[in-house]
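# Topology and contacts: notes
Read off the chains here:
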Amino acid sequence: MASASKVSILDYFNIVFEGENGKIESNCKACGTRIQAKRSVTSNFVTHLKRKHQAMYDDFVKRKDMKREGYASASLHTFPTNGGNTRYTVPISTGVGGGGGCVGGIATLEGGVGGGSGGGVTKFDRHDPRQVLISEAIAKMIVRDLQPVSIVENQGFRELLQLLEPRYTPEAQHYIQSQLLPAYAYQAQLATRQSLASAHALTLSLDLWKGFTGATSGYLGVTCHFLTSDWQMRSALLACLPLTGGSSGNRVLSDFDEVCHSHGISGRAYRVVAEPFSATTTVKPCCLPGFHVSPPLANGLQEDAEEGLDNCKTLKEGMRYGHGDCGEERDWEELWEKGLGGIRVDCFSRCLEQCIREGLRSCPQLSSTLAKAACFYTYITSAVPPEKLSQVFDSPGSIMGGPGNNPPAARDWTAQLKVLRRLLDSMEFLEELSGPGELALGVSEKALLRELTDTLEPFTEAWDMVHGDRQTDLQTDRHVSISLALPCVLGLRKHLSETSTPRCPSLLAGLSQAVESRLATILDDPLYITATTLDPQFKLTWSSTPDWHRQVLIEELSKHSRAPNTIDPNTDLHPQSQTPPNLVPSPVSPLSRPCKLFSFIKQRPTTQAKSLEQELAVYLREEPTDEEALHYWRRKSIDFPLLAQVAKRAFTIPACGTAVENIFMTAEHSLRPERGRILPKNLETLIYLKANFRLLWTHS
């Protein structure tokens, strides 16, 4: 109940001096800070509490609100329940309430949910700071969790808002869809264009998401990876373009060019990471054939447990990367080469995943054994107590389909392989807990699965190096460059050449053939040689023919490096301008002119610019270091200016997929139009805001 006494901001301060014209000096009761103001103007006191003592400020606002509500009500009636104990204090209005729950002027618990102003509670105006803050929080929740906007119309959601803040007027679904979210998208576009205007180097990535039918059958994401002036790597989704059923390659390239032009980066991209995909189908997550562990029904995704996971079936239909037949793929590859020129590169992580697909397809006998292992796993997770399982699996969240685990991530081949490896390592312990049965694996089956896990272990290590923690990286700007690709390929080739698989020789042969056809070209590519050598943790330590690779490196560096005093078009702050800036000469120090007064000072040697070969020689003589590559080149850009120019471009090329690729995978299960009743345009906006969440709400 509101206090009968006057609520004043000065209650939180001690007045130490009071002068003429109402001037006072007060000390904060919490921190002792002295603040000067007038009694009639107390904004300084309010600002101090809001910035320094949030709890005291909230208490002040609460007291003011209670006082205001007390005056707004005609009277307060207390209803006794349970033998006369006072439980609820409900304001009574003399008129008929306009809220959805007001009956005869009495506000009930559900009152006000309809957006009215009955029940004696004064509703916020749409422009009230508190109203705006809550609406923004709802929009952030919808974007961050990829919730359908229709959630704001749910009765339970509105009742929760009424309970937490009765004065809030719930915004309509149409307002959030047509005004609020587009306004945030416009802010993200402005922030992106401003950042790209001063970017020193940038690379673009294209991601395709298919699977819908109707007018919009999928989306094409255009992501930009750029380096700021202080050597910080950033990524931003430039556009999420809808694809219609008849989208052709020329149409996609035309839309791509329009996005680049609208963001002022036409002709500035160092490379474009894009697969030669067609507009007919899309790739499904790679998984171990037969090893399907369904998540619990409580997760609401049981119906998708087997959907789109039969990679072997997809591959038997002759699809590469899930991108249609070979003839159509060749047409698209020729179109990409013609439209993008020589700047297109393949995504390393997707090529690595495709090697796994082809290797697993070459060994069909694995499917039945993996299916039996999956049945055994499902049985022990339901029969063995969680405290016993925790001795095998690190935490409940590491159990596929367990609490706190993301079901789509659990169906990833690397997550499945890690679970399978732990299962094999603790097989005796688990069989002792579960008892003998038909689901137990035989000796030959265990040996076959052990061969599988040992053979794929280096592939898992390479995947983890490139991808890291997916759930954490969605909210960060983690960037892994292609400098890891070449050492990974060398390590995989060495591992496969030294591995023996007597029970499943076709697996080893399939993996070796896939690596040679899809990844071996990296070893002779000057781009990858340059990126790996300029990574201070590698340099040329990986090379068996360093002299030859040094020559390849010099030729590649000569194409992209220029003298330090030339103007780099990628560093132009105004790429649209054609007028070169007027260079103002630096002021000259008096010490540069000879004189008798300073004749005792030794003559400074004239600095001579190093050539590219000299910079490279000095750089390679240094010992490799574990220092992060961008941090190293930020520190060494003065010592090696020519090499730094090439490094800042090479390290913008990502080795793995983008954030929007992970968002596409999440949206496939939670935001389908038939489930969330989301229009294609609204889905496009949600994906765009989700990918650029940190641009708008950095401190969230």
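Summary of the structure given here. (Residues numbered from 1 in each chain as written. Predicted model: local features only at pLDDT ≥ 70, side-chain atom pairs only at ≥ 80, totals over all residues. Heavy atoms only, no water.)

Right, let's get into the overall build of the chain. Regarding its fold elements, the chain presents 27 helices and twelve strands. By the burial criterion, 46% of the 700 residues in the chain qualify as buried. Partitioning the intrachain contacts of the chain with sequence separation of at least 6 by distance along the chain shows that 69% fall at a separation of at least 24. Here the chain has roughly 35600 Å² of accessible surface; of this, 53% comes from carbon and sulfur atoms. (Helix = DSSP H or I, 4+ residues; strand = E, 2+ residues; numbered from the N terminus. Buried < 20%, exposed > 50% of the residue type's maximum accessible area, 1.4 Å probe, protein only. Contact = heavy atoms within 4.5 Å. Areas by Shrake-Rupley, 256 points an atom, 1.4 Å probe, with all protein chains shown as cover.)

It is worth spelling out the packing of aromatic side chains at this point. Tallied over the full model, the rule gives eight aromatic pairs. On the numbers, 6.2 Å between centres and 90 degrees between planes, the contact of Tyr12 with Phe60 is edge-to-face. Pair noted here: Tyr12 is in the segment before strand E1 (13-18) and Phe60 is in helix H2 (residues 54-72), with a separation of 48 residues, a long-range link. Given a relative accessible area of 8%, Tyr12 falls into the buried group. Taken together, the ring pairs connect Tyr619, Tyr632, Trp633 and Phe640 into an aromatic cluster. Geometry around Tyr175 places Arg126 over its ring, the cationic atom sitting 4.0 Å from the centre. Over the ring of Tyr619 we find Lys539; its NZ or CZ atom is 4.4 Å from the centre of that ring. (Phe/Tyr/Trp six-rings, centres within 6.5 Å; stacked < 30°, edge-to-face > 60°. Lys NZ or Arg CZ within 6 Å of the ring centre and 35° of its normal.)

Turning next to the environment of Met233. Take Met233: it is sitting in strand E10 (residues 233-244). Between the C-alpha atom of Met233 and that of Thr652, which follows or precedes it by 419 residues, the distance is 7.4 Å.

A few words now on helix H17 (residues 485-498). When the terminal C-alpha atoms of H17 are compared, their 20 Å separation across 14 residues agrees well with the 20 Å that a helix rising 1.5 Å per residue should span. Buried residues of H17: Ala485, Leu486, Pro487, Cys488, Val489, Leu492, His495 and Leu496, and no others. The elements touched by buried residues of H17 are helix H9 (348-361), helix H15 (443-467), helix H18 (505-518) and helix H19 (526-533). (Expected span 1.5 Å × (residues − 1).)

Turning next to the environment of Asp257. As for its position among the elements, Asp257 is in helix H6 (residues 249-262). Sequence spacing of Asp257 and Leu340 is 83 residues, and the spatial spacing of their C-alpha atoms is 9.9 Å.

Right, let's talk about the pairing of E1 for a bit. The pairing of E1 with strand E2 (residues 23-28) spans five bridges and is antiparallel. Bridging from a neighbouring strand, Phe13 pairs with Cys28 of E2. Connecting E1 to the next strand, E2, in antiparallel fashion are four residues, including Asn21 with a positive phi near 55 degrees. (Pairing = 2+ DSSP bridges.)

Before going further, it helps to spend a moment on a nonpolar patch on the surface. Nonpolar side chains collect at one region of the surface, where Leu160, Leu163 and Leu164 lie side by side and expose about 330 Å² of accessible area between them. Tracing the chain through its elements places Leu163 in helix H4 (residues 155-164). (Patch = residues over 30% accessible without salt bridge, like charges linked within 9 Å, V, L, I, M, F, W, Y side chains within 5 Å. Salt bridge = Lys/Arg side-chain N within 4 Å of Asp/Glu carboxyl O.)

The next subject is the state of the cysteines. One pass over the full model with this rule turns up one disulfide. Between the sulfur atoms of Cys363 and its disulfide mate Cys504 the distance is 2.1 Å. On the criterion of sequence distance, the pair formed by Cys363 in the loop between H9 and helix H10 (366-383) and Cys504 in the loop between H17 and H18 is long-range, its members being 141 residues apart. Of all cysteine sulfurs, the one in Cys347 lies closest to Cys656, which takes part in no disulfide; the gap is 6.8 Å. (Disulfide = S-S within 2.5 Å.)

Let us now look at the sheet that holds E2. Sheets are built from strands that pair by backbone hydrogen bonding, the pairs being arranged parallel or antiparallel. Sheet architecture is open: three strands sit in the order E1-E2-E3, paired in antiparallel fashion. Both outer strands of the open sheet, E1 and strand E3 (34-38), are each paired with one neighbouring strand and no more. Between one strand axis and the next, the sheet turns by 30 degrees as a mean value, whatever way the strands run. Across the sheet, helix H1 (residues 43-52) is in contact with E1, E2 and E3; its angle to E3 comes to roughly 145 degrees. (Axes fitted to C-alpha atoms, helices over the stretch in contact; angles between N-to-C directions.)

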